[in-house]
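Below are the chains, spelled out letter by letter.
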Amino acid sequence: MDQKMDFNAPHSMGTTIIGVTYNGGVVLGADSRTSTGVYVANRASDKITQLTDNVYVCRSGSAADSQVVSDYVRYFLHQHTIQLGQPATVKVAANLVRLLSYNNKNFLETGLIVGGWDKYEGGQIYGVPLGGTIVQQPFAIGEMEDEILKNHCSIEHCFPGSGSSYLYGFFDQAWKEGMTKDEAEDLVKKAVSLAIARDGASGGVVRTVIINSEGVTRNFYPGDQLPLWHEELEPQNSLLDILGAPEPMNI
Amino acid sequence: MSSIGTGYDLSVTTFSPDGRVFQIEYAAKAVDNSGTVIGIKCKDGIVLGVEKLIASKMMLPGSNRRIHSVHRHSGMAVAGLAADGRQIVARTKSEATNYDSVYGEPIPVKELAERVASYVHLCTLYWWLRFSEIDSHYHFKLYFFVFFTSITYCWQFHRPFGCGVILGGYDRDGPQLYMVEPSGVSYRYFGAAIGKGRQAAKTEIEKLKLTDMTCRQGVIEVAKIIYGVHDEAKDKDFELEMSWVCDESNRQHQKVPDELLEEAKAAAKAALEEMDAD
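Residues numbered from 1 in each chain as written. Chains lettered and ligands numbered in written order. Predicted model: local features only at pLDDT ≥ 70, side-chain atom pairs only at ≥ 80, totals over all residues. Heavy atoms only, no water.

**Thoughts on the overall build of chain A**
Link 1 in the chain: For chain A, the helix and strand inventory stands at five helices and twelve strands.
Link 2 in the chain: Taking all 251 residues of chain A together, 47% fall into the buried category.
Link 3 in the chain: In chain A, of all internal contacts separated by at least 6 residues, the share reaching a separation of at least 24 is 64%.
Link 4 in the chain: Accessible surface for chain A amounts to roughly 13600 Å². Of this, 53% is attributable to carbon and sulfur atoms. (Helix = DSSP H or I, 4+ residues; strand = E, 2+ residues; numbered from the N terminus. Buried < 20%, exposed > 50% of the residue type's maximum accessible area, 1.4 Å probe, protein only. Contact = heavy atoms within 4.5 Å. Areas by Shrake-Rupley, 256 points an atom, 1.4 Å probe, with all protein chains shown as cover.)

In structure tokens:
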């Protein structure tokens, strides 16, 4: 463990993105915090972007890199769909993402989770982490440092999943095969809110996208509707509201 | 003989006054002179068969294959000029592997047929063409980070391909059969035949109930048809070459197993004798 870390400085984590397959489709979930160092640049961002009607991708890492990769893949997939005459499969979408990530690994810093539904293989989740591996998984989780300022960046901070080891443990215990749609969405919501509670650079709202044979459903869970975990404080009204405004002095 | 297009048939880039491109029609004649090639789509796969006319008794049986595997799931049978056929097969193989490496899944047979047809058609358009230009005209997509390795810079005078191909494959949408002609048109078929005996072969194929037939039965039927259309008077000797792609072969394109091939040949010969006996 000889990392050159300043143990007094806050070790900032990153985005929380999750993709889970269930019996009949997939559920993708993400938090909504985009941070620049310790400043929250956007507290309500949408990290789940559409590639085709039936394939979505969860973006993490450098916001710019992940957006440009998604844009290119959306463009290629659109042409592929026209050429093929039918919707592209999730595997094809994930492979296009992987090609871009791998061939430009020296320039990009983004971890992506591609999830969707097609009529041949049903619901599938593919993880494409840093470096451009592609691996199909029944569920995938990723946490990454978001926008990185050059002077604060160090390679150790960019390691995806660092500090999310408890999410892996949580999934080992909570995930099971063949869940229903509602069970899967609850799992995703719970996992993202757990990560938000512990991660400094995850926060805001929880967005989920459910994709199955019937189509796509987007859901939104604002921060105050999420359960509170260990030692989190209840939201409190300001004392000014509770005690009322002080009366002006009368001389 | 059909009409000779005096003066309008010297180049593939010239139309005749009645709207025909004679060079392409002459290319089709080259295909018609070759041994019969048949493909049928059975309910569980595809069977391809070739009547391979043997030029000399010194040739080794099993050489000069006319049926090629272009990908794990598909094969192509060639009729016409053999060297032209080699070129088309090479291009098809390269298309299939390129698609696989970009998209991560085996190329759908429909897409493969379209690419073959597009390539054959392209080579009927120009008087001369550099190979490097073929790729830029051919693909409208820009592969940003994937490069074609098949670029050679050489000047070529082009004639249309003098061969037609029957492409059969089995992908996630089921078994499919396509035929590509020298003009570059490609259609999907239940049963197709090209070459010398194609008229007779098509008549025989139409009699078959293909939707009820398995590939095992289809192999026997194809052998019977080929033996039936072979003209003993004009061409002495031929070798029967057959391949299939079906559930039994695990959806992989391969030669028909030897014992089945022998069984088919025996059945075909027996059927011939019956016909002769009438």
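And the narrative resumes.
**Digging into the interface of chain A and chain B**
Link 1 in the chain: The interface is formed by 18 residues belonging to chain A together with 18 residues belonging to chain B.
Link 2 in the chain: Regarding the contact of chain A and chain B, the summed buried area is about 1700 Å², with carbon and sulfur atoms giving 56% of it.
Link 3 in the chain: For the chain A face of the interface with chain B, the top three residues by lost area are A:Gln83, A:Leu84 and A:Tyr120, together amounting to 30%.
Link 4 in the chain: Counting across the chain A and chain B interface gives zero salt bridges.
Link 5 in the chain: At the junction of chain A and chain B, the tally comes to five residue pairs in polar contact (both at pLDDT 80 or more).
Link 6 in the chain: Of all elements in the fold, only α1 (63-84) and α2 (90-103) of chain A reach the threshold of two or more residues within the side of chain A that touches chain B.
Link 7 in the chain: Of the residues belonging to the side of chain A that touches chain B, the class tally is eight nonpolar, eight polar and two charged. (Buried area = accessible area lost by both parts, 1.4 Å probe. Salt bridge = Lys/Arg side-chain N within 4 Å of Asp/Glu carboxyl O. Polar contact = N/O pair within 3.5 Å; in protein donor to acceptor, adjacent residues only side chain to side chain. Nonpolar A, V, L, I, M, F, W, Y, C, P; charged D, E, K, R; others polar.)

**A look at the sheet that holds strand β12 (residues 254-255) of chain B**
Residues and elements named next belong to chain B.
Link 1 in the chain: Ordered by their spatial adjacency, five strands build an open sheet running β10-β1-β2-β11-β12, and the pairing between neighbours is antiparallel. Every other strand in the sheet has two partners, leaving β10 (191-194) and β12 as the edge strands with one partner each.
Link 2 in the chain: Two elements, strand β1 (residues 37-42) and β10, share four bridges in a ladder whose sense is antiparallel. Across the sheet, Ile-40 pairs through a bridge with Gly-191, a residue of β10. (Pairing = 2+ DSSP bridges.)

**Some thoughts on the pairing of strand β1 (residues 15-22) of chain A**
All names here are of chain A.
Link 1 in the chain: Here β1 lies mainly inside the structure; eight of its eight residues are buried.
Link 2 in the chain: Along β1, one buried face is formed by Thr-15, Ile-17, Gly-19 and Thr-21 and the opposite face, lined by Thr-16, Ile-18, Val-20 and Tyr-22, is buried too.
Link 3 in the chain: Where β1 and strand β2 (residues 25-30) come together, six bridges link them in antiparallel fashion. Counted as the bridge partner of Ile-18 is Gly-29 from β2.

**What to know about the packing of aromatic side chains**
Link 1 in the chain: Tallying each qualifying case throughout the model produces nine aromatic pairs over all chains.
Link 2 in the chain: Seen from their ring centres, A:Tyr72 and A:Phe76 are 6.3 Å apart, and the 20° between their planes marks the pair as stacked. You can see A:Tyr72 and its partner A:Phe76 sitting in helix α1, four residues apart, about one turn around the helix.
Link 3 in the chain: A centroid spacing of 5.0 Å and a plane angle of 70° characterise the contact between B:Tyr227 and B:Phe238, whose relative ring orientation is edge-to-face. (Phe/Tyr/Trp six-rings, centres within 6.5 Å; stacked < 30°, edge-to-face > 60°.)

**Let's talk about unusual backbone geometry**
Residue and element names in this part refer to chain B.
Link 1 in the chain: In this structure, Asn-64 takes a positive phi of about 50° despite not being glycine.
Link 2 in the chain: Turning to its location among the elements, Asn-64 is positioned in the loop between β2 (45-53) and β3 (67-71).
Link 3 in the chain: The backbone phi angle of Arg-251 is positive, close to 60°, even though this residue is not glycine.
Link 4 in the chain: Along the chain, Arg-251 falls in the loop between β11 (238-246) and β12.

**Examining the pattern of salt bridges**
Residues and elements named next belong to chain A.
Link 1 in the chain: As enumerated under the stated definition, the model contains 21 salt bridges over all chains in all.
Link 2 in the chain: The partner of Asp-31 in a salt bridge is Lys-47, with the nearest N and O atoms 3.0 Å apart. Of the two residues, Asp-31 is situated in the loop between β2 and β3 (34-36) and Lys-47 in the loop between β4 (39-42) and β5 (48-52); the sequence distance between them amounts to 16 residues. Across the pair, Lys-47 and Asp-31 agree in class, each one buried.

**Considerations on the sheet that holds strand β6 (residues 55-61) of chain A**
Residue and element names in this part refer to chain A.
Link 1 in the chain: Taking strand neighbours across the sheet as the criterion, the five strands line up as β5-β6-β7-β8-β9 in an open arrangement whose pairing is antiparallel. One side of each edge strand has no neighbouring strand; the edge strands of this open sheet are β5 and β9 (135-137). The average angle at which neighbouring strand axes cross in this sheet is 30°, direction not considered.
Link 2 in the chain: Note: β6 against strand β7 (residues 110-118), seven bridges, orientation antiparallel. Considered in β7, the bridge of Arg-59 is made with Leu-112.
Link 3 in the chain: Its contacts with the sheet place α1 against β5, β6 and β7, and it is angled at close to 20° to β5. (Axes fitted to C-alpha atoms, helices over the stretch in contact; angles between N-to-C directions.)

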